Amino acid sequence: MINDDQQIKMMILFTLRSAGCPLPSVTIAQILNECGIGQIGTSGELYDLEEKGHVSLITDDDTEYAVLQKTGTEIVTALGRDLSPTLREKIILATAREVAKLRKDLGVSASCREKPDGGFDVLFSLTDEGSPLMELTMYAPTKAQADIMISAFKDDPYRVYRDIITSLSKCDN
């Protein structure tokens, strides 16, 4: 069982970076449990990462989500290779599996409509079991630009969602 506090923190940061989106704290604990880290160790180190500003914890609908912040990304980029290749692979696989479970109920929608005065409104939405997570309308000057925006959103809607959540969750210290 791993009990090195710094390694556990790095594993948490690596998990969040691997996910590419905010994760429920309980999901992070499940992923790290597969790597030999207990719930208490994960929770304590996650709160320490929040205290240092590397992760933000946001509660939504009684679920606590961890959001990787800029300094956390910088740390995991610089030091992530300190984790063994076997451990990194285990985290990546467990994270992919858990993220797939979380995303299976999300609905993705993107469309465009021509504006009477020219250009296009491009509409994006994400839903979770019918409840809206995000609704966004943007302007595109041409149909070609609207199609490019729709294609990029459909390729990775969670990146767009994550980037918006991250931008709106930043705390200037």
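Residues numbered from 1 in each chain as written. Predicted model: local features only at pLDDT ≥ 70, side-chain atom pairs only at ≥ 80, totals over all residues. Heavy atoms only, no water.

A.B. asks: Report on the overall build of the protein, specifying residues and quantitative values.
C.D. replies: Summing up its helical and strand segments, the protein has 7 helices and 6 strands in all. Reading the protein from its N terminus to its C terminus gives the helix and strand order α-β-α-α-β-β-α-α-β-β-β-α-α. Counting all 173 residues of the protein, 39% fall into the buried class. Across the protein, every contact between residues at least 6 apart in sequence was considered, and the portion connecting residues at least 24 apart equals 55%. As displayed, the protein offers around 9900 Å² of accessible surface, 50% of which is attributable to carbon and sulfur atoms. The positive charge centre, built from 18 side chains, and the negative charge centre, built from 27, are 6 Å apart in the protein. (Helix = DSSP H or I, 4+ residues; strand = E, 2+ residues; numbered from the N terminus. Buried < 20%, exposed > 50% of the residue type's maximum accessible area, 1.4 Å probe, protein only. Contact = heavy atoms within 4.5 Å. Areas by Shrake-Rupley, 256 points an atom, 1.4 Å probe, with all protein chains shown as cover. Lys, Arg positive; Asp, Glu negative; His and termini not counted. Charge placed at Lys NZ, Arg CZ, Asp CG, Glu CD.)

A.B. asks: So, the pattern of salt bridges: which residues are in play, and what are the values?
C.D. replies: According to the stated counting rule, one finds 8 salt bridges in the structure shown. One salt bridge in this structure joins Glu45 and Lys9, with 3.4 Å as the shortest N-O distance. You can see Glu45 sitting in helix H3 (residues 39–51) and its partner Lys9 sitting in helix H1 (residues 5–19), a full 36 residues away along the chain. When its relative accessible area of 9% is taken as the criterion, Lys9 is described as buried. For Lys52, the salt bridge goes to Asp48, with nearest N and O atoms at 3.0 Å. Since its relative accessible area comes to 19%, Asp48 is described here as buried. Connected via shared salt-bridge partners are Lys9, Glu45, Asp48 and Lys52. (Salt bridge = Lys/Arg side-chain N within 4 Å of Asp/Glu carboxyl O.)

A.B. asks: Report on the side chain of Ser125, specifying residues and quantitative values.
C.D. replies: Counting through the fold element by element, Ser125 comes out in strand S5 (residues 120–128). With sequence-adjacent residues up to four places away left out, Ser125 is seen in contact with Gly107, Val108, Ser109, Met134, Glu135 and Phe153.

A.B. asks: Quick one: what's the story with the sheet that holds strand S1 (residues 23–24), residue by residue and with numbers?
C.D. replies: Adjacent strands of a sheet pair through backbone hydrogen bonds, lying either parallel or antiparallel. Reading across the sheet, the 3 strands line up as S1-S3-S2 and stay open at both edges, with antiparallel pairing between neighbours. Bordering the open sheet on either side are S1 and strand S2 (55–60), each of which pairs with just one other strand. Here 2 bridges tie S1 to strand S3 (residues 63–68), and the two strands are oriented antiparallel to one another. Each residue of the ladder has a partner; that of Leu23, found in S3, is Ala66. Relative to the sheet, H1 contacts S1, S2 and S3, its axis offset from that of S3 by approximately 90°. (Pairing = 2+ DSSP bridges. Axes fitted to C-alpha atoms, helices over the stretch in contact; angles between N-to-C directions.)

A.B. asks: Explain helix H6 (residues 143–155) to me, using residue names and the numbers behind them.
C.D. replies: Compared with the 18 Å implied by 1.5 Å per residue over 13 residues, the 18 Å span of H6 between its first and last C-alpha is a close match. Considered for burial, the residues of H6 that qualify are Ala146, Met149, Ile150 and Phe153. In an axial view of H6, the angular spread of the buried residues amounts to 100°, which keeps them on one side of the axis. Within H6, the exposed residues directed more than 90 degrees away from the buried face are Ile148 and Asp155. (Expected span 1.5 Å × (residues − 1). Arc of directions from axis to C-beta.)

Functional significance is not addressed by these values, which are geometric in nature.
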